[in-house]
Number of protein chains: 2
Amino acid sequence: MGERRSGTRERIQTVAVELFAEHGYDKTSLRQIAERLDVTKAALYYHFNTKEDIVVSLFDDLLAGIDEIVTWGTDQPQTVETRQELLRRYGRLTRERPKNMMRFIQESKTTMQELAPGEKLQCRFRTLSAMLHAPDASLAEQLKSTLALITAGASVFMLKDADATDDERYDAGLELALELVSGEPGPTPRKTAQSTAR
Amino acid sequence: MGERRSGTRERIQTVAVELFAEHGYDKTSLRQIAERLDVTKAALYYHFNTKEDIVVSLFDDLLAGIDEIVTWGTDQPQTVETRQELLRRYGRLTRERPKNMMRFIQESKTTMQELAPGEKLQCRFRTLSAMLHAPDASLAEQLKSTLALITAGASVFMLKDADATDDERYDAGLELALELVSGEPGPTPRKTAQSTAR
DNA sequence: GTCTATAAGGTGATAGAC
DNA sequence: GTCTATCACCTTATAGAC
């Protein structure tokens, strides 16, 4: 909406998400961001009031996209098809973002928890995850939903040492995600885990 | 191995892993650790030479346990049963550690990557993951292996908002993990994800 | 929009007394 | 084993010139 400046703001966001994903939010200083952009720290403060504002701007973007998906899903019948479509839309959403955005989010949960919109994001993840199973679902099904969401959004870098293109990684993740919410009983593992309590 | 001091070293480790899991490694200062133990920062330096040494001591402990599992698995036939037993042993290993240890590791990958033994740990994870599928496995199977490992070790806090005991969470995770490496074709999702390349 | 200069504060770490 | 006191360093953030 109306971004016709020199584009420095966007360049800051791009560089920031790269560094955040690589070194984490805390270990990335404004000095590093500024240096990579070949400007001074002070210049960053013209575009963002605080360091936190940078990461917030990144989250807000994703947040809006997820909200849209949740809103769509709320009006749909609670079927396997709806759930699979939710995963497809979520996968597409993550794929449209800068490549390291999801990696940053997935691998920096502790950082996110302490940021206001990060908490909001995690809340949406829970909402979305809950939409992938029945309200009275078993623990196993709840777990499958959570894994499906992670897989749909993060398979690209979960398979990063595999010999494949990003598209192939993405497709493999989405396919597994769809399978996880398909509600099939699975191979019914023959009496496996008895509670090895401690 | 001969830990008959006042136990302060162990108390430091316990408190540290709690704080690291909650706020992340970087955002946890030695001051915070010292305050919760009711000692001064300087006292910590008697037990650990650096802040990094604290986290390293935690990693090393896990590392030894994983090495043991890998060694065992190397001598076994590459069957589904072996893979399931690998997951059971890995699950048991994570369960024996302080409760927040796996959460810390899972949610602070970026921190780990920059620490020497953290990198070693991630290397073992890759090794273990590779032992859960055939050398020529498809992308889908590789992804299932990775997810199985994550599920076996982290289901307890992935389901933390579910209404269940930790034992139940753990069992659900292990069961799903076993299922993921059982090699069944799954519900063969009817032509789902076509490459939505960008 | 970007700069220089600087403030204010927290950090990991060390020296040396007890 | 733990303390007080202190160090050098780096951080986020601001003020004001250009």
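Residues numbered from 1 in each chain as written. Chains lettered and ligands numbered in written order. Predicted model: local features only at pLDDT ≥ 70, side-chain atom pairs only at ≥ 80, totals over all residues. Heavy atoms only, no water.

### Regarding the packing of helix H9 (residues 139-158) of chain A against helix H10 (residues 166-180) of chain A
Residue and element names in this part refer to chain A.
Okay, so step 1: Here H9 crosses H10 at 170°, and the two axes come no closer than 7 Å. In terms of orientation, H9 and H10 fall into the roughly antiparallel class. On the side of H9, the interface is formed by Lys144, Leu147, Ala148, Thr151, Ala152, Ser155 and Val156, while H10 contributes Asp166, Arg169, Tyr170, Gly173, Leu176, Ala177 and Leu180. (Axes fitted to C-alpha atoms, helices over the stretch in contact; angles between N-to-C directions. Helix = DSSP H or I, 4+ residues; strand = E, 2+ residues; numbered from the N terminus. Parallel < 35°, antiparallel > 145°, perpendicular 65-115°, else oblique. Contact = heavy atoms within 4.5 Å.)

### Some points on the pattern of salt bridges
Okay, so step 1: Tallying each qualifying case throughout the model produces 26 salt bridges over all chains.
Okay, so step 2: In this structure, A:Arg88 and A:Glu85 form a salt bridge, with 3.0 Å as the shortest nitrogen-oxygen distance. Taken together, the residues span about one helical turn, with A:Arg88 and A:Glu85 both in helix H5 (residues 80-96) at a distance of 3 residues.
Okay, so step 3: Relative accessible area serves as the criterion here: at 21%, A:Arg88 is assigned to the partly exposed category.
Okay, so step 4: Note that B:Arg31 and B:Glu35 form a salt bridge whose closest N and O atoms lie 3.4 Å from each other. Pair noted here: B:Arg31 and B:Glu35 are both in helix H2 (residues 30-37), with a separation of 4 residues, about one helical turn.
Okay, so step 5: Ionic contacts of the salt-bridge type, sharing partners, join the residues A:Asp61, A:Glu96 and A:Arg97 into one network. (Salt bridge = Lys/Arg side-chain N within 4 Å of Asp/Glu carboxyl O. Buried < 20%, exposed > 50% of the residue type's maximum accessible area, 1.4 Å probe, protein only.)

### A closer look at H5(A)
Residue and element names in this part refer to chain A.
Okay, so step 1: The end-to-end C-alpha distance of H5, which contains 17 residues, comes to 25 Å, matching closely the 24 Å that a straight helix rising 1.5 Å per residue would cover.
Okay, so step 2: Taken together, the buried positions of H5 are occupied by Thr82, Arg83, Gln84, Leu86, Leu87, Tyr90, Gly91, Leu93, Thr94 and Arg95.
Okay, so step 3: Where H5 is buried, its residues touch helix H4 (51-74), helix H6 (101-107), helix H8 (116-130), H9 and H10. (Expected span 1.5 Å × (residues − 1).)

### Topic: the packing of H5(A) against H9(A)
Axes are the key here: two packed helices are described by the angle between their axes and the distance separating the axes.
All names here are of chain A.
Okay, so step 1: Remark: H5 packs on H9, axes separated minimally by 9 Å, with the N-to-C direction vectors making an angle of 30°. Between H5 and H9, the angle is such that the two are roughly parallel. Note on packing geometry: the crossing formed by H5 with H9 is right-handed. For the pair formed by H5 and H9, the contact residues are Leu87, Tyr90, Gly91, Thr94 and Arg95 on the first element and Ala148, Leu149, Ala152, Gly153 and Val156 on the second.
Okay, so step 2: The class makeup of the residues in the contact of H5 with H9 is 6 nonpolar, 3 polar and 1 charged. (Left-handed = near helix turned anticlockwise from the far one by under 90°. Nonpolar A, V, L, I, M, F, W, Y, C, P; charged D, E, K, R; others polar.)

### Here we look at the packing of aromatic side chains
Okay, so step 1: Per the counting criterion, the structure on display carries 8 aromatic pairs over all chains.
Okay, so step 2: Where B:Phe59 meets B:Phe104, the ring centres are 6.0 Å apart and the plane angle is 20°; that geometry is what we call stacked. One end of the pair, B:Phe59, is in helix H4 (residues 51-74); the other, B:Phe104, is in helix H6 (residues 101-107), and 45 residues separate them in sequence.
Okay, so step 3: Residue classification places B:Phe59 among the buried residues on the basis of a relative accessible area of 1%.
Okay, so step 4: Consider the rings of B:Tyr90 and B:Phe125, whose centres lie 6.3 Å apart with planes at 90°: the pair is edge-to-face. Taken together, the positions of B:Tyr90 in helix H5 (residues 80-96) and B:Phe125 in helix H8 (residues 116-130) put the pair 35 residues apart, joining distant regions of the chain.
Okay, so step 5: Judged by its relative accessible area of 4%, B:Tyr90 is buried.
Okay, so step 6: A relative accessible area of 14% places B:Phe125 in the buried class.
Okay, so step 7: Ring pairing ties together the aromatic residues A:Phe20, A:Tyr25, A:Phe59 and A:Phe104, which thus form one cluster.
Okay, so step 8: The ring of A:Tyr25 is capped by A:Lys51, whose NZ or CZ atom sits 4.5 Å from the centre of that ring. (Phe/Tyr/Trp six-rings, centres within 6.5 Å; stacked < 30°, edge-to-face > 60°. Lys NZ or Arg CZ within 6 Å of the ring centre and 35° of its normal.)

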